[in-house]
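# A structural walkthrough
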Amino acid sequence: MPLHIRLYTKFVFLLLLATLVFGLFSSWAYLYPEVFNKYLPFYQLRPMHTSAALFFIISAATLCIIIFHKNTIGRDATTGIFEKTFITTWVATILVIFIYYSFKKFGGREYWEFPAWLALPLLLSWVLLMIGYYKGWLKCADKKPLYIWMWSTGILFFFITFIEQNLWQISWFRQSFLRELTVQWKANGSMVGAWNQMIYGSSLFLMVMISGDKTIALNKKAFFFYFLGLTNLMFNWGHHIYNLPAHGAIRHISYIISMTEWLIFISIIQSFKNKLEEARKLRHLLPYKFLVASEFWVFANLTLALFMSIPAVNRYTHGTHITVAHAMGTTIGINTMILLGVLGYALDIDKKINTGRKLFTRSYNLAQASLLIFWLSLILAGIIKGYRSVTLNINSFQQMMEPVNNVLKLFAVAGAGVAIGLGIIVVQYWQSMSDSNSNVKDVK
Amino acid sequence: MLRLVWGILFTSFCLYTGWVYLYCDEEAKTTENIHPAVTEGWNLWQQNNCQSCHQLYGLGGYMGPDLTNIARDSTKGKPYMYTFIKHGTGRMPAFNMTDDEVYRIIDFLEWVDKSGVSQVPAEAVHWSGTYIIDK
């Protein structure tokens, strides 16, 4: 494994560990602010947690592409230079961001709370990644497999949405609060679609590798769902701002487009039997376990998203912990599971984790069971808040939140389970890299 | 064929993006320029990361209440906002802001309040499931 990829892999694992630790502290700071306010207040911990999570997901998605594109798109002499420069700039900027956070220096918008100028080196590093990737892509003779379409789409749309996410720095966008908020959530919503394209692309690539069946990345049905996903990426961001008194067409377009996701829902149910059969054959493979988990979480979160996308239902769920359940359910249950599966395959953990196999399985089960409780408790907290604020119309925030905070204690305990379970797995991955024979599996 | 579908989708996305930028807020064309005090308050809002705990239009953290329409709440008002921002509470830390900074944040919240109402009234729910919001 080249040194720069080895170091980048370790950085990605550190980001995941940081996400888990900051997440754990954030949940306690939320419940017991009087203890934390003096030294580690919630307003400092939350951006540390969310930024670590976002950067983990995006960095791991790029890492998977960097590892795999050698065997799919190909490399030329300059690819390595672009890769190294991208990794160096990207990692250095993220470290600077966390230094700013540690001094309580903020300035950006939600989820990107760092001072605005730091968006520039992030953008620059992304451009370097794009040049390296698309240089290979242009020369690549066989661009047909769907995972190449998905990687290319994800990288391009992250670039577009990242710029859009920073348009608030141009004063024209701030002349209207509704415009600024609309553009902000247009960018954020589509950006999720962009990293999903990268991650699902790697997941598809992994399935091709495990099954040895190349047709799953070439068939018409797979491309149909790719275009459906792309349409949702482009036009289904409006559900974040249904309650905003912006132009009604935004709401109606998003509502109509989001309802096309029922096709994905039906397809999952239809393919359930085949998936079960496949799971029986491949259950001995550790990376495959993560793909099975992600399938479950896709189904659970899609069900939730379909209901939240109906404005009449969204009226009760918006601004409640149900949106947190959806955000965390997708980022942990889907994104993190797929990424751990794909990275586990790349690191060849099936061969490396021999003695620790039992511990791995226990940690995996602990993480899944805790995540389910974590997710359900957030939904319950959201239902209580929605009912008390919309139906009972309780004006006092403290009074409204009283029963919600009790449910959130369960959420915090379950969160500790998720952190311990995933934390042990990450440590096992890390140890497998320290093995003297360790090398990223040569993907053929 | 695949490239054609992709091209059509991408073109539609670009056109839609331009339309959203220009027309998402229909009244924005007629409103006067944002006051510098509001911009200053908005920057302070971000620099102190108020969005981590508070929501505007339901977007933000859930530690504290949604502040979209706090300025029009007859039970609260300016002195209430000043006291909270200046001194904090058991749950909210004090941010050691100057009076001037506190008032700039209040200016920003008053401006946000004028943009609309965060809570969608039951009457706005259409039979098809969508909202018809009158600003």
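The residue count restarts for each chain, going from 1 along the sequence in the order it is written. Naming scheme: in the order in which they are written, chains are lettered from A and ligands are numbered from 1. Totals for whole chains, interfaces and linings use all residues, but because this is a predicted model, local features are given only for residues with pLDDT of at least 70 and pairs of side-chain atoms are given and counted only at 80 or more.

## What to know about the overall build of chain B
Put simply, the test is: Only DSSP runs of H or I covering at least 4 residues are called helices, and only runs of E covering at least 2 are called strands; the numbering of each starts at the N terminus. Between the two quantities, the radius of gyration covers C-alpha atoms and the globule rule is 2.2 Å times the number of residues to the power 0.38. Put simply, a residue is buried when 20 or more other C-beta atoms lie within 10 Å of its own C-beta and exposed when 12 or fewer do; between those, it is partly exposed, and each C-beta is set from the backbone. We call two residues in contact when the distance between their C-beta atoms, placed using the backbone, is within 7 Å.
Across its full length, chain B holds 4 helices and 2 strands. Ordered by position from the N terminus, the helices and strands of chain B form the series α-α-β-β-α-α. Compactness check: chain B gives a C-alpha radius of gyration of 19 Å against a globular reference of 14 Å for 135 residues, more than 25% above the reference. Judged by the C-alpha coordinates and their principal axes, chain B covers about 65 × 35 × 30 Å. Put simply, chain B has 135 residues, and 33% of those count as buried. In chain B, the proportion of contacts linking residues at least 24 apart, taken out of those at least 6 apart, comes to 53%.

## A few points about the overall build of chain A
Of regular secondary structure, chain A possesses 17 helices and 0 strands. Radius of gyration (C-alpha) of chain A: 21 Å, near the 22 Å computed for a compact globule of 444 residues. With the C-alpha coordinates of chain A rotated into their principal frame, the extents come out at 60 × 50 × 50 Å. Burial analysis of chain A (444 residues in total) assigns 49% to the buried set.

## Describing the confidence of the model for chain A
Selection criterion: pLDDT measures the predictor's confidence residue by residue and takes values from 0 up to 100.
For chain A, per-residue confidence averages 91 on the pLDDT scale, and 97% of positions sit at 70 or higher. Predicted confidence in chain A is weakest over helix α11 (residues 272–282) of chain A, with a mean pLDDT of 74, and strongest over helix α6 (residues 146–165) of chain A, with 96.

## Details of the confidence of the model for chain B
Across chain B, the average pLDDT comes to 90, with 96% of residues at 70 or higher. Our summary of model confidence lists the complex with pTM equal to 0.93 and ipTM equal to 0.93.

## Quick look at the packing of helix α1 (residues 3–31) of chain A against helix α17 (residues 397–434) of chain A
Residue and element names in this part refer to chain A. Applicable threshold: Every axis in this analysis is a line fitted to C-alpha atoms, fitted for helices over the stretch in contact. Angles between the N-to-C directions lie between 0 and 180 degrees. In what follows, roughly perpendicular refers to angles from 65 to 115 degrees, roughly parallel to angles under 35, roughly antiparallel to angles over 145, and oblique to any angle outside these ranges. In this scheme the crossing of two helices becomes right-handed for a clockwise turn of the near helix relative to the far one and left-handed for an anticlockwise turn of less than a right angle. Throughout this entry, Asp, Glu, Lys and Arg are counted as charged residues, while Ala, Val, Leu, Ile, Met, Phe, Trp, Tyr, Cys and Pro are counted as nonpolar. The remaining residues, Gly among them, count as polar.
At a closest axis distance of 9 Å, the pairing of α1 and α17 adopts a crossing angle of 165°. As judged from the angle between their axes, α1 and α17 are roughly antiparallel. Considering how the two elements wind past one another, α1 and α17 form a crossing that is left-handed. When the residues that make up the contact of α1 with α17 are grouped by side-chain class, the tally is 18 nonpolar, 6 polar and 3 charged.

## Notes on the interface of chain A and chain B
With 52 residues of chain A at the interface, the matching set in chain B holds 49 residues. Mapped by element, the contributors of at least two residues to the side of chain A that touches chain B are α2 (33–36), α3 (42–72), α7 (177–211), α8 (220–235), α9 (248–259) and α13 (311–317) of chain A. Sorting elements by how many residues they give to the side of chain A that touches chain B places α7 of chain A first, with 8 residues. Its residues assigned to classes, the side of chain A that touches chain B comprises 28 nonpolar, 14 polar and 10 charged.

## A look at helix α4 (residues 79–102) of chain A
All names here are of chain A. Keep this limit in mind: To estimate the expected span of a helix, count its residues, drop one, and scale the result by 1.5 Å.
Over its 24 residues, α4 runs 35 Å from end to end, which matches the ideal 34 Å to within 8%, given 1.5 Å per residue. What α4 keeps buried is the set F82, E83, F86, I87, W90, V91, I94, I97 and Y101. Note on α4: the residue one or two positions beyond its end, K104, has a positive phi of about 60°.

## Details of the nonpolar core
All names here are of chain A. The cut-off we apply is this: The nonpolar core criterion groups buried Ala, Val, Leu, Ile, Met, Phe, Trp, Tyr and Cys residues into a set whenever they are joined through C-beta atoms within 7 Å.
Of all hydrophobic cores here, the largest spans 148 residues; its most connected members are F56, A60, A61, C64, M150, W195 and L343. Ranked by residue count, the leading element in this core is α3, at 18 residues. Beyond its immediate chain neighbours, meaning those up to four positions away, A60 contacts V12, L339 and L343.

## Quick word on helix α5 (residues 119–139) of chain A
Residues and elements named next belong to chain A. Keep this limit in mind: This arc corresponds to the set of directions leading from the helix axis out to the C-beta atoms.
Between the first and last C-alpha of α5 there are 30 Å, a value that for 21 residues agrees with the 30 Å anticipated at 1.5 Å per step. Looking only at α5, the buried set comprises L122, S125, W126, L129, G132 and Y133. Down the axis of α5, the sector holding all buried residues measures 120°, keeping them to one side. Set apart from the buried face of α5 by more than 90 degrees, the exposed residues are L120, L138 and K139. Tucked into the core, α5 has its buried residues touching α3, α4 and α6.

## Here's the deal with the packing of helix α16 (residues 357–391) of chain A against α17 of chain A
Residue and element names in this part refer to chain A. With their axes 7 Å apart at the nearest point, α16 and α17 run at an angle of 160° to one another. With respect to α17, the element α16 is oriented roughly antiparallel. Taken as a pair, α16 and α17 cross one another with a handedness that is left-handed. Tallied by class, the residues present in the contact of α16 with α17 amount to 25 nonpolar, 8 polar and 2 charged.

## Digging into the domain arrangement of chain B
Applied cut-off: Domain segmentation is taken from an automatic or database assignment of domains.
When its domains are assigned, chain B resolves into domain 1 (2–29) and domain 2 (36–114). Between domain 1 of chain B and domain 2 of chain B, the C-alpha centre-to-centre distance is 34 Å.

## Comments concerning unusual backbone geometry
Residues and elements named next belong to chain A. Positioned with a positive phi, K104 is a non-glycine residue whose angle comes to about 60°. Here K104 falls in the partly exposed class, since 14 other C-beta atoms lie within 10 Å of it. In the Ramachandran plot, Y111 falls in the positive-phi region, its phi being about 75° despite a non-glycine side chain. Checked against the element boundaries, Y111 lands in the loop between α4 and α5.

## Some thoughts on the environment of L285 of chain A
Residues and elements named next belong to chain A. Note that L285 resides in the loop between α11 and α12 (286–308). Assessed through the 17 C-beta atoms surrounding it within 10 Å, L285 is described here as partly exposed. A sequence separation of 66 residues divides L285 from K351, and the C-alpha atoms of the two residues are 9.9 Å apart. With near-sequence residues (within four places) excluded, L285 lies in contact with I210 and D350.

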